[in-house]
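Residues per chain are reported as follows:
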Amino acid sequence: MLPLVPALLLLLSFFAGPILWTVWASLTNAALTGSAAAHTEFVGTANFQRLLADPAFFNSALLTVVFLVASGVVGQTVLGLVLALLMQNRGAAVRMAVGGVVVGAWVVPEVVAGFVWVAFLEREGTLNGLLEAVGAPTQNWLYTAPLLAVVLANVWKGTAFSMMSYSAGLAEIPTDLKEAARADGAGPVQVVWHVVLPLLRRTVATTLLLVTLQTVQVFTLIYVMTAGGPGDRSMTLPLLMYREALRFGELGYGTTVALALLVIAGSLSALYVRALRPEEVR
Amino acid sequence: MTRAPLRVAAVAAAAALLGPTATGCSLRPGHDPDTVTVVYSHYGTFRAADTLMRKVKEEFEAENRGVTVELRPIEAPPEDYQAQVNLMNQSDDEAPDIIYEDSFTINQNVDAGYLAPIDHYWEEWDEAKYYQEQADAAVIALDGKRYGVMVGTDTRGLWYNTRLFEQAGIELPWEPESWDEVLGTARELKREIGDDVTPLNVYSGTPMGEAASMQGFQMLLSGTGDGLFDEESRRWVVGSAGFADSLRFIDTIYSEGLALDPQDALNANVGTINNEERIPAGEIAISLDGSWITQSWIATAGKPWPEWPRTMGFAPMPTQHGQAPGTTSMSGGWTLALGSKSVNPDLAWEVMKHTLSKENATQFAIEGAQIPVRVDVAESAEYLQVNPIAEEAAALVEVTHFRPAYSEYPRISLAIQEAMEAVMLGDATPGQAARAYDDRVEHLVGSDNITSGG
């Protein structure tokens, strides 16, 4: 028991501490400046009432869910699974090449990834250069399709994680099960659907969970690419939180937005865990 | 073997839990009584504060053995600069001794307890007499105490490219007498010179921050007879005709294509790009901007443009219909303020005085293209000969306006920027955006603190 004490203390101070502070701050009018910074007062549920009446919050919550579903659930996990399946039973050289490219995107720092995508999508960017070459109309993608732009960038950046996770899961599936299915006359799609996927459920649940938690808190990538704009067309909850807490200096309200984000991510995670719970082994 | 690291971890955890109280006084790097920390902005084309503070550090440390002047330049746009300084001020360990601070944030930072009054130092300073009294309003807070010293002020007006005007056949010097004349000239420029030139640049939207609110919106609003704040009833104004008219002006120039394309205008670096590239390249005919933008063109700038005095003209911004006094301007300016958590304010004041000396103030006025607030600097030949528009810009001080620099102002300003952005993106009509602004203001200050404008 005693050796656990330091670990427990660390956990308490670095994990529970900030959460408790967030809960406390969301019940106050804490601010970066102005009289509320000198005399912070307990305001009860005022921040939560304000949140529920704030159209900017609902806009951001919706954008966050769209961003999560498009870039996290559909983009990263589906693409990751497809890549993992395609890479199965391929030669070492192919695996190295594909894996190297995908993982390369993953290890690039978020700021750098942001600038790479800005260079690709901006008006004089690479994409427009390619479009011009084939005579297609060009546009400033970061301005005309900001959410799509950040979704693409996040898929590019994050797919490696789910790909690696699925590759590990696929390696665990016994080959004789697949061979038996093939002997019964199943095609490749049927094998994946009826044999591989059910056995992969636990991996899918874990991956979705981790991808979700990571995607809802993406800040740097979006901030570098669009800063939440134009208007508030790519203002996901982390960016709204930043705007309220640091641009407006309203720490209390900003942390309320953070708590809302925590609730949204938490409920989505609970949903996956329930929906994908592996059937009990009999 | 494993016990020592565990003990270290336990101590670290305990220290983290106990926080600042455990680390206390002994480990405060910024609290050495012989060290003065100075925080200032070093961003974009603005290099004058950095040059000045480096000079001060070198000179002051040479004259005062054992004293360290610790410089903390922050490379961030103005809004992020404020947030960072505020965060530093919330920490006893990080709070700076001297703060380079935009005058409009003084009141809110006084309310937050970040600044210390300097009246007793000011009264004993023999050079205080050189400071213009009108600058006092910006540094004396609502409690009547002085919290800083202005290092320079500014005015705003219409910069125009005389070569493009000649090309379009417009008579020089250009002296527009109403908004309609400004718009008329912009339309003529568009007709005559075509698509390669942006006729009229007016900053707008949230990426440009305070510049959009002040150089853009309030340069318009101050010429309508309406304002943001009613000094008499001490309430914030909502629903004024001038507010909606100013938004309408923004709507007109962006929807008619007289201004920059919104996607260029909504770039956070648009100011730097305009002043360093588009204006010298003759791609902008008129730009509503500050008197200081020459700092982008002088010899010590990143990209000097020695031809600017022969190319650029400066015209005062007219009032809406040309009503008295005919022209308008907005003024702001930055100050040096004393942090309330300074452990050696006497030494910090010595550094401030050194920074504000005539020699340093002159250098800052030239490099930062400021209108000096020290009379002896403003009248010096050294200053006057460097800046050919110095007198025209300084003359606008007579018609200038100041922002209502109360605690709520920065948030009101952001609400203005959001209204402008909604209009320029076509997300709202000027009327809708004005109503959304009214709602936001009511929320920010409370319904007891608003009043309906005319």
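As the structure is a prediction and not an experimental result, all values here were calculated from the model.

## Some remarks on the overall build of chain B
Of regular secondary structure, chain B possesses 21 helices and 15 strands. Here the C-alpha atoms of chain B give a radius of gyration of 24 Å, agreeing with the 22 Å that 2.2 N^0.38 yields for 454 residues. Overall, chain B is about 80 × 50 × 50 Å in size when its C-alpha atoms are taken along their principal axes. Of all 454 residues assigned to chain B, the portion counted as buried reaches 57%. Summarising the internal contacts of chain B: among those between residues at least 6 apart in sequence, 76% fall at separations of at least 24. When the accessible surface of chain B is summed, it comes to about 18800 Å², and 49% of that surface belongs to carbon and sulfur atoms. Averaging the positions of the 31 positive and the 70 negative side-chain charges in chain B gives two centres separated by 6 Å.

## Details of the overall build of chain A
Looking only at helices and strands, chain A has 15 helices and zero strands in total. Taken across its 282 residues, chain A has 43% of its residues classed as buried. Within chain A, counting contacts between residues at least 6 apart in sequence, those at least 24 apart form 68% of the total. For chain A, the accessible area works out to roughly 14800 Å², and carbon and sulfur atoms hold 70% of it. Charged side chains in chain A number 15 positive and 15 negative. The centres of these two groups are separated by 5 Å.

## Examining the sheet that holds strand β6 (residues 198-201) of chain B
Residues and elements named next belong to chain B. With respect to topology, four strands assemble into an open sheet ordered β6-β9-β5-β10, the strand pairing being mixed. Here the strands that pair on one side only, and so sit at the sheet edges, are β6 and β10 (312-315). With strand direction ignored, the average angle separating the axes of adjacent strands in the sheet is 20 degrees. Pairing of strand β5 (residues 156-161) with strand β9 (residues 284-290), which is carried by five bridges, proceeds in the antiparallel orientation.

## Brief notes about a negative patch on the surface
All names here are of chain B. On the surface, Glu175, Glu177, Asp180 and Glu181 cluster together to form a negatively charged patch. Inspection of the secondary structure puts Glu177 in the loop between α8 (162-167) and α9 (179-193). The exposed category is assigned to Glu177, whose relative accessible area is 55%.

## A short note on the packing of helix α4 (residues 55-87) of chain A against helix α15 (residues 251-275) of chain A
Residue and element names in this part refer to chain A. At a minimum axis distance of 12 Å, the contact between α4 and α15 shows a crossing angle of 40 degrees. Taken together, the axis directions place α4 and α15 in an arrangement best described as oblique. Crossing geometry of α4 relative to α15 is assigned as right-handed. Within the contact between the two elements, α4 uses Phe57, Ala61, Thr64, Leu68 and Val73 and α15 uses Ala260, Leu261, Ile264, Leu268 and Tyr272. Partitioning the contact of α4 with α15 into residue classes produces nine nonpolar, one polar and no charged.

## Let's talk about the interface of chain A and chain B
Listed as interface residues are 28 residues of chain A and, on the opposing side, 35 residues of chain B. Summed over both sides, the interface of chain A with chain B buries roughly 2600 Å², with 56% coming from carbon and sulfur. The closest approach of N and O atoms between Glu250(A) and Arg411(B), which form a salt bridge, is 3.7 Å. Taken together, the connections running from chain A to chain B amount to 13 residue pairs in polar contact (both at pLDDT 80 or more). Elements supplying a minimum of two residues to the side of chain A that touches chain B: α1 (4-26), α2 (35-38) and α14 (237-247) of chain A. Of the residues in the side of chain A that touches chain B, the class split is 15 nonpolar, six polar and seven charged.

## Observations concerning the pairing of β5(B)
Remember that side chains alternate between the two faces of the sheet whenever the strand is regular. Residues and elements named next belong to chain B. Among the six residues of β5, six are classified as buried, and the element is accordingly described as predominantly covered. Of the pairings in the sheet, the one linking β5 to β10 comprises four bridges and is antiparallel in character. By the bridge assignment, Leu158 is partnered in β10 with Ala315.

## So, the packing of helix α3 (residues 48-63) of chain B against helix α15 (residues 345-355) of chain B
A packed helix pair is summarised by two numbers, namely the angle formed by the two axes and the spacing between the axes. Residues and elements named next belong to chain B. Closest axis-to-axis distance for the α3/α15 pair is 10 Å, and the angle between their directions is 120 degrees. Between α3 and α15, the angle falls in the class oblique. For the pair α3 and α15, the sense of crossing is right-handed. Taking contact as the criterion, the partners of Leu52, Met53, Val56, Glu59, Phe60 and Glu63 in α3 are, on α15, Leu347, Glu350, Val351, His354 and Thr355.

## So, the sheet that holds strand β15 (residues 450-452) of chain B
All names here are of chain B. Within the open sheet, the three strands sit side by side as β7-β8-β15. Their pairing is mixed. Looking along the sheet, the strands with just one partner apiece sit at the ends: β7 (229-230) and β15. Two elements, β7 and strand β8 (residues 235-238), share two bridges in a ladder whose sense is antiparallel. Its bridge partner lying in β8, Phe229 is registered against Trp236.

## Notes on the side chain of Gln295(B)
Residues and elements named next belong to chain B. Within the fold, Gln295 resides in the loop between β9 and α14 (308-311). A relative accessible area of 6% places Gln295 in the buried class. Those residues within four positions of Gln295 in sequence are excluded, and the remaining contacts are Thr45, Phe46, Ala301, Glu367, Gly368 and Ala369.

## Notes on the packing of aromatic side chains
The final tally for this structure, using the stated rule, is 32 aromatic pairs over all chains. Each ring, one from Phe219(A) and one from Tyr242(A), has its centre 5.4 Å from the other, and the planes form 50 degrees; the classification is tilted. One end of the pair, Phe219(A), is in the loop between α12 (201-216) and α13 (220-225); the other, Tyr242(A), is in helix α14, with 23 residues separating them in the sequence. Its relative accessible area of 24% is what places Phe219(A) among the partly exposed residues. Aromatic side chains Tyr160(B) and Trp174(B) sit 5.5 Å apart centroid to centroid with 75 degrees between the ring planes, which places their arrangement in the edge-to-face category. A residue pair is termed long-range when its members are at least 10 positions apart, and Tyr160(B) in strand β5 and Trp174(B) in the loop between α8 and α9 qualify at 14 residues. Here the two residues Tyr160(B) and Trp174(B) agree in accessibility, since each one is buried. Among the aromatic residues, those joined into a ring-pair cluster are Phe46(B), Tyr81(B), Tyr100(B), Trp334(B) and Phe364(B). Against the face of Tyr253(A) rests Arg50(A), its NZ or CZ located 3.8 Å from the ring centre. Positioned over the ring face of Trp122(B) is Arg146(B), at 3.8 Å from the centre of the ring.

Conventions and cut-offs
- Residues numbered from 1 in each chain as written.
- Chains lettered and ligands numbered in written order.
- Predicted model: local features only at pLDDT ≥ 70, side-chain atom pairs only at ≥ 80, totals over all residues.
- Heavy atoms only, no water.
- Helix = DSSP H or I, 4+ residues; strand = E, 2+ residues; numbered from the N terminus.
- Rg over C-alpha atoms; globule rule 2.2 N^0.38 Å.
- Buried < 20%, exposed > 50% of the residue type's maximum accessible area, 1.4 Å probe, protein only.
- Contact = heavy atoms within 4.5 Å.
- Areas by Shrake-Rupley, 256 points an atom, 1.4 Å probe, with all protein chains shown as cover.
- Lys, Arg positive; Asp, Glu negative; His and termini not counted.
- Charge placed at Lys NZ, Arg CZ, Asp CG, Glu CD.
- Pairing = 2+ DSSP bridges.
- Axes fitted to C-alpha atoms, helices over the stretch in contact; angles between N-to-C directions.
- Patch = residues over 30% accessible without salt bridge, like charges linked within 9 Å, V, L, I, M, F, W, Y side chains within 5 Å.
- Salt bridge = Lys/Arg side-chain N within 4 Å of Asp/Glu carboxyl O.
- Parallel < 35°, antiparallel > 145°, perpendicular 65-115°, else oblique.
- Left-handed = near helix turned anticlockwise from the far one by under 90°.
- Nonpolar A, V, L, I, M, F, W, Y, C, P; charged D, E, K, R; others polar.
- Buried area = accessible area lost by both parts, 1.4 Å probe.
- Polar contact = N/O pair within 3.5 Å; in protein donor to acceptor, adjacent residues only side chain to side chain.
- Phe/Tyr/Trp six-rings, centres within 6.5 Å; stacked < 30°, edge-to-face > 60°.
- Lys NZ or Arg CZ within 6 Å of the ring centre and 35° of its normal.

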